[in-house]
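Inside the fold
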Amino acid sequence: MASPDEPKLTAGEKAKVTWLIGRMAKRGLAGEQVYQGDLERKVEGVLEGARKRQERDSAQ
């Protein structure tokens, strides 16, 4: 269940986050020492864009 501060994602945003999480899982199989910060930043960027879109849409 999504928390109240998480934005509602579009189908494209869901697909992008799913793809990024899949890449994170693949890197996770390589070991815990593998850097994943770049993928985590990309996921956060998608979520931040969704938050901005939601705020913009609710203001109209």
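Above this text is the structure in question.
I will try to describe carefully the structure that is included in this document. (Residues numbered from 1 in each chain as written. Predicted model: local features only at pLDDT ≥ 70, side-chain atom pairs only at ≥ 80, totals over all residues. Heavy atoms only, no water.)

**With respect to the overall build of the chain**
Selection rule: Secondary structure elements are taken from DSSP: a helix is a run of H or I of four residues or more, a strand is a run of E of two residues or more, and numbering for both begins at the N terminus. In this description the radius of gyration comes from C-alpha coordinates, and the expected globular size is given by 2.2 Å times residues to the power 0.38. A simple rule labels every residue: compare its accessible area, found with a 1.4 Å probe on the protein chains alone, to the largest value its type can have, and call it buried under 20%, exposed over 50%, or partly exposed in between. Residues count as neighbours in contact if any of their non-hydrogen atoms are within 4.5 Å of one another. The protein chains shown are the only cover counted for residues, whose accessible areas, like all others here, come from Shrake-Rupley with a 1.4 Å probe. His is not counted here, nor are the chain ends, while Lys and Arg score as positive and Asp and Glu score as negative. To locate a charge, take NZ of a lysine, CZ of an arginine, CG of an aspartate or CD of a glutamate.
Of regular secondary structure, the chain possesses two helices and zero strands. A globule of 60 residues ought to have a C-alpha radius of gyration of about 10 Å, yet the chain, at 14 Å, is considerably larger. On the principal axes, the C-alpha backbone points of the chain span a range of 45 × 20 × 20 Å. By the burial criterion, 23% of the 60 residues in the chain qualify as buried. Of the contacts formed within the chain by residues at least 6 apart in sequence, a portion of 53% connects residues at least 24 apart. Carbon and sulfur atoms provide 56% of the accessible area of the chain, an area that totals close to 4800 Å². Within the chain, one finds 12 positive and 10 negative side-chain charges whose respective centroids are separated by 7 Å.

**A word on the environment of glutamine 54**
With respect to the secondary-structure elements, glutamine 54 resides in helix 2 (residues 37-59). With relative accessibility at 37%, the residue glutamine 54 sits in the partly exposed group. For the pair glutamine 54 and glutamate 44, spaced ten residues apart in sequence, the C-alpha to C-alpha distance is 15 Å.

**What to know about helix 2**
Going by this rule: A helix's residues, less one, multiplied by 1.5 Å, set its expected span.
With 23 residues, helix 2 ought to run about 33 Å at 1.5 Å a step, and its terminal C-alpha atoms sit 33 Å apart, in line with that. Lining the buried residues of helix 2 we find helix 1 (11-30).

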